[in-house]
Amino acid sequence: MSLDSITETIAHFIGTFELTIEQARLRDQYEEFTALRRKVELDELDDPISIRIATELDLPPGEYDPLPYKLLPPPADLPLPPVPDGPLELSEIYVGPSFDPDPYIPDVQLGTAQTAVLILDPQVPPLIIGSAVTYTFQAIVLNDNDVIGHGDFRDIEIQIAQGEQMLDVALSMHAIATPSLNIEDYKSLEYLESLAEQMQSPMISQIEGVTIHQFHGEDALGVIVNGEVVEEIPDWDDLLPAHHQTEDEEEDDTPDMTPDEWDRSDDDEFGEGHTVIAGGNLAINEVNITVAWVDAPVIAVGGKSVSLTVVSQVAVVSDIDQGEPGVQSDTNVVQASFIGTEASEEWWQDDNEAEPGAEPIVSVTWIQGDLWVTNFIKQVIDATDIDKINTEITASTSLFTLGDNVLSNVTNIVQLGNFYDLIMIGGNMISVDMLHQTIALLDDDVYGEGKPEEGDNNLVMNQANLTTTGEDTVEELDMAHAEAMPLQQIDREAFEDALTSNPDYAGMELLRVLKIDGDLLQVNSVEQVTLLQDQDDISLEAAAAVDAAVNGAGNALLNAADITKTGVDSTIMAAGGEYSDLLLHQAALIDIPEVPDASELANEVIAIIMEETAGIGENAIAQAQSNLTPSENASTDDAMQTMLA
């Protein structure tokens, strides 16, 4: 039955109302269900930032119980691990405690042909914001003492003790004491005064036969080689012994041969004849430092301005060979120094002009403590290549390579910073450059049959280059800079106003200022020590040994230090005054016979050093002397004690 229009409208309204009520009821149920589900998911979540996953990981009881273990505290004095045997390339690294001022060097026994790299942990100031501080320690210890056959050889232990004593003698021949490794010492004016006193009264060795050249102040500028002013420093490559010279490769138009056509006779290694290489060692300590950290055309100092430069070079050589006439080698000793200053104007001022009448914009970099720009480098090479060979040659071709070692310590440092228009230092401005270079070579060989190769000579060279870009002019501190000096960072506006009102900076668009409340310390300390013992006993037998080529020398030793300080021409105004000094010290003790035949000459230096090795024991000395040749025994005369007086 059909409904009228009014009844149908009412029925439709009732149905719509019931659907709306049901939809609201279902929505409430759904939201409650969703909330309960999320509550279950987040039931174990205590912290909304962290998530913890709950899981059952309990193992069956009694089957997989954890083992009882307790970590014990490490011992107070943990011993160093043993150094394993290995090839020359093997390096062992030791990290020691901080030193102040003596370095920590572990007491380890290195195996044959091993290298020890000592990494130390120095103490540096805690506040070095904006500073550049480096410590570099490099040490090579080589024991390449070969023995082939049996014979009346000299005692190796006594020879090594002789080398240690000779190194002590060489170190005592420096003009001043070894540079300090404690960075805080260079901040002390008392320490700087002691350095200045040593430079004014440098030590002069009283050992007989020592040649010493000393130059102070402007006399030390330029190129000085073995105490003489020359035009240029000799080139290391040109001075190298023939054993280390590189031959120019010649063009070969011969077509390459296949492996089946290779002839061993064309290879140098399989050349005819007999060769013994007991020397031919190469030892190099090299340092290159370039510093361009901070500089300015105007430097105002509230305290003192101190600049000290020391170059101390020492070379000790003993080269006395025993054998038939013609076996004596020669040793070329070169000690070269270049100290120079080049002018360099500030190049940025041409583009730093302001509009007429405009005040400069002041940009200040503020350092509330000290500014350190320091480099401490120590390089040591301690090598023994004491070879003993007594053999009979029966082959048609032979090659004995007992030496020919290559040792090298190299350090390159580049420090690049900023240049300013003005540097203001509330404390002192200290600049110290110290170079200590020491070389000791013992090449006393005893030859049997065989003849040295032509050009079988040694080269010993200490080379120092100190180049400064930017000349300094000293003036009194004017009133304008003196009034602005005590202003602190909280008085920044007053400090900037004092600079903008200074007529010296009028017309500049931008004035860049470095304000240091403490001290400015610039230190470059380099110590290089090279000791090489190449005391060989060589005896070859059979008829073929007469024509054998024996290389008992041919060693090349180099200590090279190059320091370049890049800056601009500066006017230094120090309220506490200015002090600067320069010292060049070159000392050499060379024991080489003046005649070719050294069979009847006594090695006086070694003889006296042997007497100084009493710590080894009188029996050991007597045993060592019994192994010497008659001429060497003659060198132990007591009258030679004046050598080390």
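Coordinates for the structure precede this section.
Residues numbered from 1 in each chain as written. Predicted model: local features only at pLDDT ≥ 70, side-chain atom pairs only at ≥ 80, totals over all residues. Heavy atoms only, no water.

Asker: What exactly am I supposed to notice about the overall build of the chain here?
Answerer: Counting its secondary structure elements, the chain contains 9 helices and 30 strands. Per-residue burial for the chain yields a buried fraction of 45% across its 645 residues. In the chain, the share of contacts with a sequence separation of at least 24, taken over all contacts with a separation of at least 6, comes to 89%. Accessible area for the chain stands at about 34,600 Å²; split by element, carbon and sulfur atoms hold 52% of it. (Helix = DSSP H or I, 4+ residues; strand = E, 2+ residues; numbered from the N terminus. Buried < 20%, exposed > 50% of the residue type's maximum accessible area, 1.4 Å probe, protein only. Contact = heavy atoms within 4.5 Å. Areas by Shrake-Rupley, 256 points an atom, 1.4 Å probe, with all protein chains shown as cover.)

Asker: Explanation requested: the pattern of salt bridges in the structure shown.
Answerer: Where charged atoms from two side chains of opposite charge come close, those side chains can pair. Following the criterion strictly, the structure yields 8 salt bridges and no others. Close ionic contact of K187 with D370 constitutes a salt bridge, the shortest N to O distance being 2.8 Å. Within this pair, whereas K187 is found in the loop between α2 (156-171) and α3 (189-200), its partner D370 is found in the loop between β13 (361-367) and β14 (371-384), the two being separated by 183 residues in sequence. Of the residues examined, K187 reaches a relative accessible area of 28% and is grouped as partly exposed. Linked through salt bridges whose partners overlap, the residues forming this network are R154, K388 and D537. (Salt bridge = Lys/Arg side-chain N within 4 Å of Asp/Glu carboxyl O.)

Asker: Would you mind going over helix α6 (residues 492-500) with me for this structure?
Answerer: It helps to recall that an α-helix has 3.6 residues per turn; residues three or four apart then point in one direction. Taken together, the buried positions of α6 are F495, L499 and T500. Buried residues along α6 cover an arc of 130° about the axis, so they all sit on one side. Exposed side of α6, more than 90 degrees from the buried face: E493 and D497 are the residues found there. On the buried face of α6, the contacting elements are β13, β18 (422-425), α5 (479-484) and β24 (510-516). (Arc of directions from axis to C-beta.)

Asker: Looking at this structure, I do not really get the sheet that holds strand β20 (residues 446-447). What am I missing?
Answerer: Hydrogen bonds along the backbone pair up the strands of a sheet, which may run parallel or antiparallel. Taken together, the 4 strands give an open sheet; going across it, the order is β4-β15-β26-β20, and neighbouring strands pair in parallel fashion. Only two strands of the sheet have a single neighbouring strand rather than two, namely β4 (147-149) and β20. In the sheet, β4 pairs with strand β15 (residues 388-392) via 3 bridges, with the strands oriented parallel. Considered in β15, the bridge of I148 is made with I389. (Pairing = 2+ DSSP bridges.)

Asker: Can you walk me through the layout of surface pockets in this structure?
Answerer: If you roll a probe as big as a water molecule over the atoms, it shows you where there is empty space left. Considering only enclosed or pocket space, the largest pocket measures out at about 1,100 Å³ in volume. Around the largest pocket, the lining is made up of 43 residues, and of these S307, S431, T468, D472 and K565 lie nearest the centre. Sort the elements by how many residues they give to the lining of the largest pocket and strand β9 (residues 282-295) lands first, with 5 residues. Classifying every residue of the lining of the largest pocket by side-chain character gives 17 nonpolar, 18 polar and 8 charged. (1 Å grid on protein atoms, 1.4 Å probe; cavity = no way out; pocket = protein on both sides within 12 Å on 5 of 7 lines; lining within 4 Å. Points joined across faces, edges and corners; volume = space filled by probe spheres on them. Nonpolar A, V, L, I, M, F, W, Y, C, P; charged D, E, K, R; others polar.)

Asker: Teacher, can you tell me more about the nonpolar core here?
Answerer: Nonpolar side chains tend to gather and get buried jointly when the protein is soluble and globular. Ranked by internal contacts, the top residues of the largest apolar core, which has 22 residues, are Y186, L192, L195, F376, V432 and M434. Of all the elements in the fold, those that place two or more residues in this core are β3 (132-143), α3, β11 (305-318), β14, β19 (429-442) and β25 (520-533). Ranked by residue count, the leading element in this core is α3, at 4 residues. Excluding residues within four positions of it along the chain, L195 makes contact with L308 and M434. Core analysis: the second largest hydrophobic core is formed by 19 residues, I224, I339, I413 and L582 among them. (Core = buried A, V, L, I, M, F, W, Y, C linked by side-chain atoms within 4.5 Å.)

Asker: Help me out: how do you make sense of a negative patch on the surface in this one?
Answerer: On the surface, E231, E232, D235, D237 and D238 cluster together into a negatively charged patch. Along the polypeptide, D235 turns up in the loop between β7 (228-229) and α4 (236-239). (Patch = residues over 30% accessible without salt bridge, like charges linked within 9 Å, V, L, I, M, F, W, Y side chains within 5 Å. Lys, Arg positive; Asp, Glu negative; His and termini not counted. Charge placed at Lys NZ, Arg CZ, Asp CG, Glu CD.)

Asker: Please explain the sheet that holds β11 as it appears in this structure.
Answerer: Taken together, 7 strands build an open sheet; the order of strands is β3-β14-β25-β19-β11-β30-β5 and the sheet is mixed. Across the chains shown, the open sheet's two edge strands, defined by having one partner strand only, are β3 and β5 (211-216). For this sheet, the mean angle separating the axes of adjacent strands, direction not counted, is 5°. Running at roughly 50° to β11, α3 makes contact with β5, β11, β19 and β30 (578-591) of the sheet. (Axes fitted to C-alpha atoms, helices over the stretch in contact; angles between N-to-C directions.)

Asker: What is the right way to read the pairing of strand β29 (residues 570-574) from this model?
Answerer: Consecutive residues of a regular strand have side chains that alternate between opposite faces of the sheet. Counting buried positions along β29 gives 4 out of 5 residues, so the element sits mostly inside the fold. Of the strand pairs in this sheet, strand β10 (residues 298-301) and β29 are connected by 4 bridges, and their pairing is parallel. Within the sheet, the bridge partner assigned to V298 lies in β29 and is T571. Bridge analysis of strand β23 (residues 472-475) against β29 gives 4 bridges, and the strand direction is parallel.

Asker: What am I meant to see in the environment of S307 here?
Answerer: As for its position among the elements, S307 is in strand β11. Considering only alpha carbons, one finds S307 and L192, 115 residues apart in sequence, at a separation of 9.5 Å. In this structure S307 touches S431, Y579, S580 and D581, once residues within four positions along its chain are discounted.

Asker: Help me understand the pairing of β24, please; the structure alone is not making it clear to me.
Answerer: When you tally the buried positions in β24, you get 5 out of 7 residues, the bulk of the element. The pairing of β13 with β24 spans 7 bridges and is classified as parallel. Bridge assignment links V364 to a residue of β24, and that residue is V513. As paired strands, β18 and β24 are joined by 4 bridges and run parallel to one another. Each bridged residue has a counterpart across the sheet, and for L422 the counterpart in β24 is V513.

Asker: I'm lost on the side chain of T136 in this one. Help?
Answerer: When you line up the elements, T136 lands in strand β3. Once residues within four sequence positions are removed from consideration, T136 is found in contact with F376, I377, K378, T411 and I413.

Asker: Teacher, can you tell me more about unusual backbone geometry here?
Answerer: Generally, phi is negative for residues other than glycine and the peptide bonds are trans, each holding for most cases. In this model, N226 sits at a positive phi of 50°, which is unusual for a non-glycine residue. With respect to the helices, strands and loops of the structure, N226 is situated in the loop between β6 (222-225) and β7. For N226, a relative accessible area of 32% gives the class partly exposed.

Asker: Would you take a moment to explain α2 for this structure?
Answerer: With 16 residues, α2 should reach 22 Å at 1.5 Å per residue; the first-to-last C-alpha distance of 23 Å fits that figure. Between the side-chain oxygen at the start of α2 and the backbone nitrogen of E157 there is a gap of 3.0 Å, and the oxygen is on D155. (Expected span 1.5 Å × (residues − 1). Polar contact = N/O pair within 3.5 Å; in protein donor to acceptor, adjacent residues only side chain to side chain.)

Asker: I would appreciate a short explanation of the packing of aromatic side chains in the present structure.
Answerer: Aromatic ring pairs are defined here through the distance separating the ring centres and the angle between the ring planes. For the coordinates displayed, the defined rule picks out 5 aromatic pairs. For the ring pair Y186 and Y191, a centre distance of 5.3 Å and an interplane angle of 80° mean the geometry is edge-to-face. Taken individually, Y186 and Y191 each receive the classification buried, so the pair is uniform in this respect. Where Y186 meets F376, the ring centres are 5.7 Å apart and the plane angle is 50°; that geometry is what we call tilted. Within this pair, whereas Y186 is found in the loop between α2 and α3, its partner F376 is found in strand β14, the two being separated by 190 residues in sequence. Summarising the burial analysis for this pair, Y186 and F376 share the class buried. Connected via pairs of aromatic rings, a cluster forms that spans Y135, F137, Y186, Y191 and F376. (Phe/Tyr/Trp six-rings, centres within 6.5 Å; stacked < 30°, edge-to-face > 60°.)

Purely spatial values, then, with no claim about function.
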